[in-house]
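# Geometric and topological summary
The primary structure of each chain is shown beneath.
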Amino acid sequence: MRPKYHFYSTVRVLKSGFVNLFRNLWLTIAATAVMLVALTIISLGVVLNVTANNAIDVLSKELKTGVFLNDDVPVEKRNELESALRSLDFVENVDYISPNEAQRRLTENPIIGNDVLQAESIFEGEDFLAASFEVSLSDLSRAQELANLAESEQFNEVVKRVALGKTDTGDQTDAEKAIERAAATERFITISSIISAGTLAAVSIMIIFNTIRMAIYTRRDEISIMKLIGATPNYIRGPFLVEASLYGVIAGILANSIVYTLVYSLGAKVAEAPEFSETYSYFTEPTTITLMLLSSITLGVLIGALSSMLAMERHLKLKHW
Amino acid sequence: MILLDRVTKTYNKKGPAIERINLHVENKEFVVIVGQSGAGKSTLLKLLTREEKPTSGKIIVGGIDYERLRDRDIPYLRRKIGTVFQDFKLLPNKTVFENIAFALEIVGMGNREIRHTVPKVIDLVGLKGKEDNYPNELSGGERQRVAIARAVVRQPKILIADEPTGNLDPKHAWDVIRVLEKVNKHGTTVLLTTHNMDIVNKLKRRVVTIRDGKVVGDRASAGYNKQVV
């Protein structure tokens, strides 16, 4: 076949697929609606996962581990400990906080202020004025490994104690709990969005399968004539594939519109918070918007194409010509 | 043009639909195949359009050996053979023009070429002025002429007409036969199946008679022999 003929055939297949979309309008609406819900849940799942992940990252960086030192530790011993801490692959940064620096921070604290005696009463038994290393971790779940190293025999004379999850404000417990909650929420979002999106994707595959099956049935006479007068399998199948893929395109565009309506309306309200600001600006970048739209459309087209291929494989046996 | 060598087709254990048929049709010939219902005429034509595969034997059409024909080549074979059916097989939601153009669209012909080609064929089958009519606005004879136009618009070397006059009254049946003769005169080999005695007798063409799946008569210019059939 000449290339010009291929062009005309392709155009006709596309046109026919587009026309088919309107032949069974209610079935088209039903198939697109279910796919829309599935794609919206998948996209929202992605947005929420990224948001939760970024929030955990930000919170993790704020949550520092304190390694408190004994009084009068020689500089070389202190440096040895610092090197050992830095050698751990999950340690992002190590800052030495001298007793003077610790005191300065304490006096700058808006809650405690200059009243060191008040501070002593608040942090009774704590080492808030001892020299320490303030360690930032990239993976908070490995903090215990750091503690094991610092409390090992080797640094017995150097380290007084290790405080996991120390923050600049000293509010250890709340920060740790916040991270745990965020991590649990992230896991919940991941699992629930996978389950619901998977279920809805399966439902939309079944509905589109049925839609295409009915379209094949109503056009069976036309298909048999096409076969007898020399149409190729691709020419016959093409319109059904285009029709189902168009469901995916429409559903993908609508799903992305819904997700971005939510991102702009709800996201704007929390964008001021440090743990969400980066995520909000990431999702509102033109590149991300385009990527999200294309991914949504691609997934929709894949679901549509898969369903129509299954229907054609079962009800349009072109192998038996 | 067409060669069948000891072709047998068996559908079930009741016996073959056609059995060891030998047939040779020359280029530009007009052959009438006659036989009662169930004699095997339609099976024979289905073997030629490759709707059915023979159980045994050799079929060669237009130089194509069907034994070597791959499934994916069947559409291209059918583009070389025009087919006309007793029940017309027209698309009811398309006009006369669109029905004929459809045969050109599926092979990828451009719109301008189609607009140029279709009117000539409409003229050939005598349907000028009916281009915009839908099949249900036409008589049986006119519908069959649309079907012939669709079959010949790609200028096939062979035209197979399976009982094209079966549903028509004598006047319309003759209109269709005249069109087939005209197509044959343009150089197309025509294979016509019928059991219309009047058509066979007046046509004065080669007649192949089939009974119980076997060729029982093959005469160069014969009439309809009731006893043989």
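Placed above this text is the structure.
These figures come from a predicted structure and were not determined experimentally. Throughout, a residue's number is its position along its own chain's written sequence, starting from 1. The naming scheme follows written order: chains are lettered A onward, ligands numbered 1 onward. Under the rules for a predicted model, residues below a pLDDT of 70 receive no local features and side-chain atom pairs below 80 are neither given nor counted, while totals for whole chains, interfaces and linings still include all residues. Side-chain numbers here rest on the full set of heavy atoms in the structure, without hydrogens or water.

## Here's the deal with the overall build of chain A
Defined as follows: Note on conventions: DSSP H or I runs of at least 4 residues are helices, E runs of at least 2 residues are strands, and numbering of each starts at the N terminus. Only protein chains enter the calculation, and the probe is 1.4 Å; a residue is then buried if its accessible area is under 20% of its type maximum, exposed if over 50%, and partly exposed in between. Residues are treated as being in contact if the distance between any of their heavy atoms lies within 4.5 Å.
When helices and strands are counted, chain A shows 11 helices and four strands. For chain A, the residues scored as buried account for 42% of the 321 residues in total. Contacts in chain A between residues at least 24 apart in sequence constitute 82% of all its contacts with a sequence separation of at least 6.

## A closer look at the interface of chain A and chain B
For clarity, the threshold we go by: The term buried area denotes the loss of accessible surface (1.4 Å probe radius) that occurs when two parts are joined, taken as the sum for both partners. Put simply, a salt bridge is a Lys or Arg side-chain nitrogen that is within 4 Å of an Asp or Glu carboxyl oxygen. Two N or O atoms count as a polar contact when they lie within 3.5 Å, although within protein this holds only if one can serve as hydrogen donor and the other as acceptor, and sequence-adjacent residues are included solely when both atoms are side-chain atoms. Note on residue classes: Ala, Val, Leu, Ile, Met, Phe, Trp, Tyr, Cys and Pro are nonpolar, Asp, Glu, Lys and Arg are charged, and everything else, Gly too, is polar.
Across the contact, 21 residues belong to chain A and 27 residues belong to chain B. Roughly 2,000 Å² of surface becomes buried between chain A and chain B when both sides are summed, with 59% attributable to carbon and sulfur atoms. In this structure, the connection of chain A to chain B is made through zero salt bridges. At the surface where chain A touches chain B, the tally comes to six residue pairs in polar contact (both at pLDDT 80 or more). The biggest single contributor to the side of chain A that touches chain B is helix α1 (residues 3–23) of chain A, with six residues. Classifying every residue of the side of chain A that touches chain B gives 11 nonpolar, three polar and seven charged.

## Considering the packing of helix α3 (residues 96–105) of chain B against helix α5 (residues 140–152) of chain B
To characterise two packed helices, one gives the angle between the axes of the helices and the distance between these axes. Residues and elements named next belong to chain B. Applicable threshold: Axis definition: a line fit to C-alpha positions, over the contact stretch in the case of helices; interaxial angles, taken between N-to-C directions, run 0 to 180 degrees. For this classification, under 35 degrees means roughly parallel, over 145 means roughly antiparallel, 65 to 115 means roughly perpendicular, and everything else is oblique. Helix crossings get a hand from a simple test, with the near helix turned counterclockwise from the far one by less than a right angle marking a left-handed crossing and a clockwise turn marking a right-handed one.
Running from N to C, α3 and α5 cross one another at 30°; their axes reach a closest spacing of 8 Å. When the axis of α3 is compared with that of α5, the two are roughly parallel. Judged by the sense of rotation from one axis to the other, the crossing of α3 with α5 is right-handed. Touching Val96, Asn99, Ile100 and Ala103 of α3 are Val146, Ala149 and Arg150, all from α5. Of the residues contributing to the contact of α3 with α5, the split by class is five nonpolar, one polar and one charged.

## Notes on helix α11 (residues 286–315) of chain A
The condition is simple: Helix span, expected: 1.5 Å multiplied by one less than the number of residues in the helix.
Its 30 residues place the ends of α11(A) 43 Å apart at the C-alpha level, agreeing with the 44 Å of an ideal helix rising 1.5 Å per residue. Along α11(A), the positions that sit buried rather than exposed are A:Thr288, A:Met292, A:Ser296, A:Ile297, A:Gly300, A:Ile303, A:Gly304, A:Ala305, A:Ser307, A:Ser308, A:Ala311 and A:Met312.

## Observations concerning unusual backbone geometry
All names here are of chain B. Despite not being glycine, Arg6 shows a phi value in the positive range, around 45°. Note that Arg6 resides in strand β1 (residues 2–12). By relative accessible area, which is 43% here, Arg6 ends up partly exposed. A positive phi angle is found at Arg20, which is not glycine, with a value near 45°. Summarising the element assignment, Arg20 is placed in strand β2 (residues 15–25). Using a relative accessible area of 53% as the deciding quantity, one classes Arg20 as exposed.

## Regarding a nonpolar patch on the surface
Residue and element names in this part refer to chain A. This is how the line gets drawn: Only residues whose relative accessible area exceeds 30% and that take part in no salt bridge are eligible for patches, with like-charged residues grouped when within 9 Å of each other and nonpolar side chains (Val, Leu, Ile, Met, Phe, Trp, Tyr) grouped when within 5 Å. Each accessible area is a Shrake-Rupley estimate made with a 1.4 Å probe; only the visible protein chains count as cover when residues are assessed.
Residues Phe18, Phe22, Leu25, Trp26 and Ile29 make up a contiguous nonpolar surface patch of about 600 Å² in total accessible area. Of all the secondary-structure elements, those providing two or more residues to the nonpolar patch are α1 and α2 (25–62). Along the chain, Phe22 turns up in helix α1.

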